[in-house]
Amino acid sequence: MERPVKTHYLASVDKQVRTMKCVEGWWLPDAEKHLEGVLKERNGQYQIDHRNKSLEYVSRWGAAVDIGANVGLWAKDLCEKFASVYLFEPLPCHIECLVKNLEKYNNWTLFQCALGEFKGFVDIQPITELSNSRVVIDTANPIYPLDILDTFGLSNIDYMKIDVEGYEEGVINGSHKMLRENSLVINMEQKPSVDFGHKYVCFGAGKKLESLGFSLQNQFQDDYVFINHHNKYRS
């Protein structure tokens, strides 16, 4: 079933012809080397232990949000487990692979944008490779749309994964309403001692979540698991 991909943001962005490759059952951008190596080394598996550490806190399996969906390495598993999945990914080269990787599922909706605390446009530049690209605000070429999660009106969210290479605090700042109104588990990557080139500080997003009533429950490498005070798992 072909999915109605949300493309209204990028009518004129990135019209170059892109090529893909299939590695251990996953479609990747042809230039992607890091993920290719990881998938080959692990027989097509990616961060299963990371996911399971957070999914063990989930008690309801209605809707999940994947922020920084990349090519769908987490999204495929989320589509298997949750009734509906909302995906946010700004890079066209990732999106084309993502759509192919999720062809067998019909319970996901894709929004073609990055998320932050304001509406506008930003640049997204690779730190080392496409798989770990970062948001850059002060740039001469801001072509990728940035939106606010609260404006999407998502409700009954049970799980959220955030992997945005240091821009986590911006995502949280634009999500206060949704975070207060939903009882959910959050798996958020936070990398220490990395200069991402914007104003947000290391672990600032975790502190912001705690100020909103969330508590840190677990950690696996750079992934941190938070749940909020009215999460049913804790009742």
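See the structure printed just above.
Before going into details, it helps to say that this report is about the structure given with it. This is a predicted model, so every value here is computed, not measured. (Residues numbered from 1 in each chain as written. Predicted model: local features only at pLDDT ≥ 70, side-chain atom pairs only at ≥ 80, totals over all residues. Heavy atoms only, no water.)

Things to note about the pattern of salt bridges
Then comes step 1: On inspection of all chains with the given rule, the structure shows nine salt bridges.
Then comes step 2: Across the salt bridge formed by K40 and E36, the nearest N and O atoms sit 3.0 Å from each other. Of this pair, K40 and E36 are both found in helix α1 (residues 34-41), four residues apart, which corresponds to roughly one turn of the helix.
Then comes step 3: Taken together, the shared-partner salt bridges in this structure form one network comprising K21, E36 and K40. (Salt bridge = Lys/Arg side-chain N within 4 Å of Asp/Glu carboxyl O. Helix = DSSP H or I, 4+ residues; strand = E, 2+ residues; numbered from the N terminus.)

A short note on the pairing of strand β3 (residues 63-67)
Then comes step 1: For β3, the tally of buried residues reaches five of five residues, placing the bulk of the element in the interior.
Then comes step 2: Neither face of β3 is open: one carries A63, V65 and I67, the other A64 and D66, and all of them are buried.
Then comes step 3: Crossover handedness for the path β3 to helix α3 (residues 75-81) to strand β4 (residues 84-88): right-handed.
Then comes step 4: Relative to strand β10 (residues 157-162), β3 is paired through five bridges, and the arrangement is parallel. Bridge pairing links D66 to K161 in β10. (Buried < 20%, exposed > 50% of the residue type's maximum accessible area, 1.4 Å probe, protein only. Right-handed = clockwise from strand over helix to strand, strands pointing away. Pairing = 2+ DSSP bridges.)

Comments concerning the nonpolar core
Then comes step 1: Within the largest apolar cluster, 35 residues are counted, with the highest numbers of intra-cluster contacts made by I67, F88, M160, I162, L179 and I186.
Then comes step 2: Excluding residues that lie within four positions of it along the chain, F88 makes contacts with V65, D66, I67, G68, A69, F111, C113, L115, L149, F152 and L154.
Then comes step 3: Among the nonpolar cores identified, the runner-up in size contains 32 residues, and L78, Y105, Y159 and I227 belong to it. (Core = buried A, V, L, I, M, F, W, Y, C linked by side-chain atoms within 4.5 Å. Contact = heavy atoms within 4.5 Å.)

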